[in-house]
Amino acid sequence: MKEYTATADTIEEAKALALENIGADPKDVHLEVLEEPGKKLFGGRKEAVVRASIKPEGESLEAPTVDEEEIIVEEVLVVDPGRDDLTIESEPASESEQNSRPAGDIVDAEDLSDEQVDAIADAGIEHLRALIAFLSDNEIKIEEFEGDEGEIILDVTGEDVGVLIGRHGRTIDALQSVVAAMTTKKTGVRYPLSVDVEGYKHRRKQKVVDIARRAAERARRTNRPVSLKAMTPHERRIVHMTLRNEQGISSTSEGSGSYRHVVVVPN
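Throughout this description, residue numbers start from 1 for each chain and increase along the sequence as written. Only residues with pLDDT of 70 or above have their local features reported here, since the model is predicted, and side-chain atom pairs are shown and tallied only from 80 upward, although totals for entire chains, interfaces and linings are computed over all residues. The side-chain values count all of the structure's non-hydrogen atoms but skip hydrogen atoms and water molecules.

Caption draft 1: A look at the pairing of strand 11 (residues 249-254). Three labels apply to residues, based on accessible area from a 1.4 Å probe with only protein chains included: buried if under 20% of the type maximum, exposed if over 50%, partly exposed otherwise in between. Every helix listed is a DSSP run of H or I at least four residues long, and every strand listed is a run of E at least two residues long, numbered separately from the N terminus. With five of its six residues buried, strand 11 lies for the most part within the structure. Pairs of strands are assigned from DSSP output, requiring at least two bridges between the strands. Both strand 11 and strand 12 (residues 261-266) contribute to a ladder of six bridges, which runs antiparallel. Residue S253 lies in a different strand from strand 12, and its bridge partner there is V262.

Here it is as structure tokens:
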């Protein structure tokens, strides 16, 4: 099977179902969200729809993102002064939120006992270890941390664990989606859960924060909008959050699909 379209109550469940049915290594699969869940106009709920497809051999279907070594940037020469949307826009939720969001609200940590949170973490570790066994024969260690936003972070360390990161962290994202869905199904509780490999996401976040700040400085210096390279939804959100309190600077996302990017604008 080269393509499979799955529907479920949430995006993470649809992703997990699509990966399960297409029967391929997650790093060889491209996941595309066709429809997001939500309320229907006349009542009821709309399901999430995700399409999984096998990447053609020798071809990458992954969206371009911020270069690991190279910062920004091309100047945006024309900006309509009549536009009123050059402000922080509502980006998709953070990765931990995307992978744990139910039809309603995310479970608040204060609503659960320490024993319940420990049980969720144990279930996540169990599922993550089982999935990694399909990708690597090396011995690994999974450590549990509490994130800045109260999420459970499962950080994988060990020999040659780079294979679990994937290009621009795509394999981590796939692992996180599946682990979150499996953990929710086993525990019956939706809780923010993030998968990392040797602190890759933390280092990546700091790099995007630095890029955002340098772009803001350049926008101020030249008094021109600065366009960043295309980023993932999570990376774009980091940029917006970093710049939301920057005096004289606003940010917006432009473009669509794999070409969606942030524009940093001097006010």
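Caption draft 2: Representation of helix 6 (residues 233-243) in the model. Among all positions in helix 6, only E235, R236, I238, V239, H240, T242 and L243 are buried. On its buried face, helix 6 is in contact with helix 5 (200-222), strand 11 and strand 12. Residue contacts follow a heavy-atom distance rule, with two residues in contact if any of their heavy atoms lie within 4.5 Å.

Caption draft 3: The sheet that holds strand 1 (residues 3-8), seen in detail. The strand order 1-5-2 describes an open sheet built from three strands, whose pairing is antiparallel. The open sheet has two free edges, formed respectively by strand 1 and strand 2 (29-35), since each of these has just one partner strand. Adjacent strand axes in the sheet meet at a mean angle of 20° when their direction is disregarded. Lines fitted to C-alpha atoms define the axes here, with helix axes fitted over just the stretch in contact, and angles between the N-to-C directions of these axes take values from 0 to 180 degrees.

Caption draft 4: Region of the structure containing the packing of helix 1 (residues 11-22) against helix 4 (residues 170-187). In contact at an axis separation of 8 Å, helix 1 and helix 4 are set at 105° when each is read in the N-to-C sense. With respect to helix 4, the element helix 1 is oriented roughly perpendicular. From helix 1, E12, E13, K15, A16 and L19 reach across to helix 4, where they touch A174, S177, V178 and A181. Under the scheme applied here, ten amino acids are nonpolar (Ala, Val, Leu, Ile, Met, Phe, Trp, Tyr, Cys and Pro), four are charged (Asp, Glu, Lys and Arg), and all others, including Gly, are polar. Among the residues forming the contact of helix 1 with helix 4, the class breakdown is five nonpolar, one polar and three charged. Oblique is the label for every angle not falling under 35 degrees (roughly parallel), over 145 degrees (roughly antiparallel), or within 65 to 115 degrees (roughly perpendicular).

Caption draft 5: Molecular detail of the sheet that holds strand 7 (residues 140-146). Here we have three strands laid out as an open sheet, ordered 7-8-9, and mixed in their pairing. Lying at the two open borders of the sheet, with one neighbouring strand each, are strand 7 and strand 9 (193-197). Averaged over all pairs of adjacent strands, the angle between strand axes in this sheet comes to 25°, irrespective of strand direction. The sheet contact formed by strand 7 and strand 8 (residues 152-158) spans seven bridges and is antiparallel. Paired with I140 across the bridge in strand 8 is G158.

Caption draft 6: How the structure looks around the packing of helix 5 against helix 6. Across the interface, helix 5 lies against helix 6 with an axial gap of 9 Å and an inter-helix angle of 50°. Overall, the two elements helix 5 and helix 6 adopt an arrangement that is oblique. Crossing angle aside, the handedness with which helix 5 passes helix 6 is right-handed. Residues R204, K205, V208, V209, A212, R213 and A216 of helix 5 pack against E235, I238, V239, T242 and L243 of helix 6. Residues that form the contact of helix 5 with helix 6 fall into these classes: seven nonpolar, one polar and four charged. A clockwise turn of the near helix away from the far one marks a right-handed crossing, whereas an anticlockwise turn of less than a right angle marks a left-handed crossing.

Caption draft 7: Local environment of the environment of R170. Assignment of secondary structure puts R170 in helix 4. Judged by its relative accessible area of 24%, R170 is partly exposed. Each C-alpha atom, one on R170 and one on H30, is 9.4 Å from the other, the two residues being 140 residues apart in sequence.

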